[in-house]
Amino acid sequence: WLDSNVVANATRNSSASCFNPHPDYLQRPFNNETWTLDDNVVPFEGEIDMPLIDGLLNVSACKFKTPSYVSYPHFYLADPVLLDQFHPDSDLHPSEDKHASHLTLMPEPGVPLDVTIRMQINLLVRPLDLVDLFKTLPPTVFPMIWFETYTELPEDMVKQLKFLELAENIRLPVTGVGIGVGCVLLMSGFASWMVARRRRRQQYV
């Protein structure tokens, strides 16, 4: 199973620090008159960026700098503060059986036999004075959609890989047996040659 370190923030997984350069990216508003992003209006100017909550990966750079975050579905293995944003009777109920991701690897070659990936895309919504509806809204990481993908190797390919793994495991024993048999044959040949040579000498005598 893929553990919580996959979506952990930099406090637990230093390799995830690159996903938290600017937690909310302070997206510029869209100007309906010019059909461009307005450079003159900065809705969050002077505010401190929110810390990246454990269990989220900031993928804003991959989503046109929109405040987008990836987590396991239903915030599985994430900081409980994400679930506390919503009513206890909401449909968010994280479960290992339904929301965990996993992959199965062959031990020696490291080839994945089957992979199940479940991910959720979330949107960060923050107070915005320009919109009355958002003026008093607390910062909320809102789940938008989650998806699941599953793939596995065909059975015939799995059998071929298992045969290769078996061949690798018996390579050393077979090599050892081959060397042993070769040594025995070599010694037998040498002994036969010595016996034949001694007989020829006796005949000449």
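Residues numbered from 1 in each chain as written. Predicted model: local features only at pLDDT ≥ 70, side-chain atom pairs only at ≥ 80, totals over all residues. Heavy atoms only, no water.

Considerations on the overall build of the protein chain
Piece 1. For the protein chain, the helix and strand inventory stands at two helices and seven strands.
Piece 2. Listing each helix as α and each strand as β along the protein chain from the N terminus yields β-β-β-β-α-β-β-β-α.
Piece 3. Across the 205 residues in the protein chain, those meeting the buried criterion constitute 28%.
Piece 4. Sequence-distant contacts in the protein chain: of pairs separated by 6 or more residues, those separated by 24 or more amount to 58%.
Piece 5. When the accessible area of the protein chain is evaluated, it comes to approximately 14500 Å², of which 62% is carbon and sulfur surface. (Helix = DSSP H or I, 4+ residues; strand = E, 2+ residues; numbered from the N terminus. Buried < 20%, exposed > 50% of the residue type's maximum accessible area, 1.4 Å probe, protein only. Contact = heavy atoms within 4.5 Å. Areas by Shrake-Rupley, 256 points an atom, 1.4 Å probe, with all protein chains shown as cover.)

Details of the pairing of strand β4 (residues 68–71)
Piece 1. Both faces of β4 are covered, namely the face carrying Ser68 and Val70 and the face carrying Tyr69 and Ser71.
Piece 2. Pairing of strand β3 (residues 57–58) with β4 involves two bridges; the strand directions are antiparallel. Along β4, the bridge assignment pairs Asn58 with Tyr69.
Piece 3. Bridge count between β4 and strand β6 (residues 112–125): four bridges; the pairing is antiparallel. Pairing of Tyr69 across the sheet is with Asn122, part of β6. (Pairing = 2+ DSSP bridges.)

What about the side chain of Ser101?
Piece 1. The topology assignment puts Ser101 in the loop between α1 (96–99) and β5 (102–105).
Piece 2. Ser101 gets classed as buried once you look at its relative accessible area, which sits at 0%.
Piece 3. There is a polar contact of 2.8 Å between the side chain of Ser101 and the backbone nitrogen of Arg118. (Polar contact = N/O pair within 3.5 Å; in protein donor to acceptor, adjacent residues only side chain to side chain.)

A word on the pattern of salt bridges
Piece 1. Within the structure shown, the criterion is met by one salt bridge.
Piece 2. For the salt bridge of Glu148 with Arg118, the shortest nitrogen-to-oxygen distance reads 3.2 Å. With Glu148 in strand β7 (residues 140–152) and Arg118 in strand β6, the pair connects residues that are 30 residues apart, well separated along the chain.
Piece 3. By relative accessible area, which is 46% here, Glu148 ends up partly exposed. (Salt bridge = Lys/Arg side-chain N within 4 Å of Asp/Glu carboxyl O.)

Some details on the packing of aromatic side chains
Piece 1. This model, assessed by the stated rule, comprises three aromatic pairs.
Piece 2. Consider the rings of Tyr72 and Tyr76, whose centres lie 6.0 Å apart with planes at 55 degrees: the pair is tilted. Of the two residues, Tyr72 and Tyr76, neither departs from the other in class, the shared state being buried.
Piece 3. Ring centres of Phe75 and Phe86 lie 6.5 Å apart, and the angle between their planes is 15 degrees; on these two criteria the pair is classed as stacked. Separated by 11 residues along the polypeptide, Phe75 in the loop between β4 and α1 and Phe86 in the loop between β4 and α1 bring together distant segments of the chain. Comparing Phe75 with Phe86 shows no difference in burial state: the two are buried. (Phe/Tyr/Trp six-rings, centres within 6.5 Å; stacked < 30°, edge-to-face > 60°.)

Description of the nonpolar core
Piece 1. Core analysis: the largest hydrophobic core is formed by 11 residues, namely Leu52, Ile53, Leu56, Tyr69, Phe75, Ala78, Leu82, Phe86, Leu92, Leu124 and Val141.
Piece 2. For Leu56, the residues in contact, after removing those within four places along its chain, are Val7, Tyr69, Val70, Ser71, Phe75, Leu82, Asn122 and Val141.
Piece 3. Of all hydrophobic cores here, the second largest spans eight residues; its members include Val7, Leu57, Val70 and Tyr76. (Core = buried A, V, L, I, M, F, W, Y, C linked by side-chain atoms within 4.5 Å.)

What to know about unusual backbone geometry
Piece 1. Its identity is not glycine, yet Phe75 carries a phi of approximately 55 degrees, on the positive side.
Piece 2. In this structure Phe75 comes out as buried when scored by relative accessible area, which is 2%.
Piece 3. Positioned with a positive phi, Leu77 is a non-glycine residue whose angle comes to about 65 degrees.
Piece 4. With relative accessibility at 36%, the residue Leu77 sits in the partly exposed group.

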